[in-house]
Every structure is written in C-alpha cells, then in structure tokens.
Amino acid sequence: MNTLDLLRADRVLTVVRAPEISDARDLCAALVAGGIHVVELTYTTPDLPRHLERAATTAAETGAVVGAGTVQTGDQATRAIDAGAQFLVTPGQGLEAAAIAEAARAAGIPVVLGAFTPSEVMTALALGSSAVKIFPAHQLGPKYFKDLNGPFPGVPLIPSGGVNAGNARDFIDAGALAVSAGTDVVAPADVAAANWDAITTKAKAFCAAIAP
C-alpha cells in the first residue's frame, strides 16, 4: 500500500517536532501500536537524517512509513531521501520548491507541498505535489476546506497546524484526505523521555476521535 492509500485508510499522519528523539524505531513502533502508520520526522529535530535512517531500516519491524517534513531546500530533500525517507513534506513554497519536488519525483516518492491560498494550491499541483498540505489549518478552520473543495474537487488536502482530537473529524468531514496530528499525540517531552506508552495511548485516542 503506497503512502496516499495508507493515508486514505488511516486518515491521519503524525508530525514529530521534538528537540530530541531517543529512538526513532521505538517511536514508530509506539505510534503504529496506537493505529498511526505514517510518521513525519521533521528537520526541526537536530540530526534528522540519522533518525530517518534508524526509522527506515527498521520499518519492516515497526510497520511504519516514515518521511521527512519541514523540507525547505533541494539539498535537504536529497539528504532525506538518501537516509530512507518515503515521502517529503514542505511547510510552504519557496525558491527551491521545484527542486524539492524534482528530487521526490526522481526518487519515485510522494511530495506534499505546503500551501495556504488557492493560488498556492494551484502552484503545488503544477509542481507535481501528490497531496497539498494546508498550513496553518487552524487559522480558517474546517469551513475553509469546504471552500477549497469547490475549485479543487478531488484534490487531496491535508490540514496541519492546530489540528487536535477535538477538531480533526471536522476537517475530515469537510473534505480533507487526512489530518496531521502533532503535539496532541507526540508531545516533545514524551518523545525525548521515551515515554512510548503515553504516545501509544494518545495515538489510540486520536484515532478514536476521527473514527466515522
């Protein structure tokens, strides 16, 4: 099952923003145990390629699909791919958005470019974005997704930023392909302290909140 199909099934991916990851393999295993299989490790974590490699080389054990987020340059994209990233996510679009998209295309993996406005959604699609991340989603809320579905029917949109167990289902009902779960599931303190049971519990609660 490819990344987008897995997102259609799970309806959620986890975005990990932590100053330290004690063990990326155990983190992924804890999330999968809670029902979340798509894991986005971000460049806001120091030494990200090392953590990506650890997660990627143990993916057969954990069942996780791991990608790189907060990718802002073509060089970062290449390093993430070399470390085993199975997808790339950007926070928005800049001068190197095309280079990032091309790196993903060359590697045969999905890229999810960040956008906020309809014009940015159009640019992301023109660059070959497999899905479009709408960030920061909480600024305009689920109704904005209904509005975007007008000119962009069928375009896979993923809200990120301010999405939690209390509003995630509203975004899905408004047409989102899946939602990004952040600190609501992977609190930086839990990640750094290897508090895997807490992460599994929070992942289960989040998945229960978005269930039909």
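Parameters at a glance
Residues numbered from 1 in each chain as written. Predicted model: local features only at pLDDT ≥ 70, side-chain atom pairs only at ≥ 80, totals over all residues. Heavy atoms only, no water. Core = buried A, V, L, I, M, F, W, Y, C linked by side-chain atoms within 4.5 Å. Buried < 20%, exposed > 50% of the residue type's maximum accessible area, 1.4 Å probe, protein only. Phe/Tyr/Trp six-rings, centres within 6.5 Å; stacked < 30°, edge-to-face > 60°. Helix = DSSP H or I, 4+ residues; strand = E, 2+ residues; numbered from the N terminus. Lys NZ or Arg CZ within 6 Å of the ring centre and 35° of its normal.

A look at the nonpolar core
- If you look at the biggest cluster of nonpolar residues, it comprises 63 residues, and the most contacted ones within it are Val-16, Leu-27, Leu-41, Leu-52, Leu-88 and Phe-206.
- With 13 residues, the next largest nonpolar core counts Leu-4, Leu-7, Val-65 and Val-112 among its residues.

Here we look at the packing of aromatic side chains
- A full pass over the atoms with the stated rule returns two aromatic pairs.
- Between the aromatic rings of Phe-116 and Tyr-144, the centroid separation amounts to 5.8 Å while the plane-to-plane angle is 40°, which identifies the pairing as tilted. With Phe-116 in the loop between strand S5 (111-115) and helix H7 (118-126) and Tyr-144 in helix H8 (residues 142-149), this residue pair connects regions lying 28 residues apart in the sequence.
- Owing to a relative accessible area of 25%, Phe-116 belongs among the partly exposed residues under this scheme.
- You can call Tyr-144 buried: its relative accessible area is 13%.
- Measuring from ring centre to ring centre gives 5.3 Å for Phe-145 and Phe-171, while their planes differ by 80°; the resulting arrangement is edge-to-face. Of the two residues, Phe-145 is situated in helix H8 and Phe-171 in helix H9 (residues 168-173); the sequence distance between them amounts to 26 residues. The two residues Phe-145 and Phe-171 agree in class, both being buried.
- Of note, Lys-133 hangs over the ring of Phe-135, and the distance from its end group to the ring centre comes to 5.2 Å.

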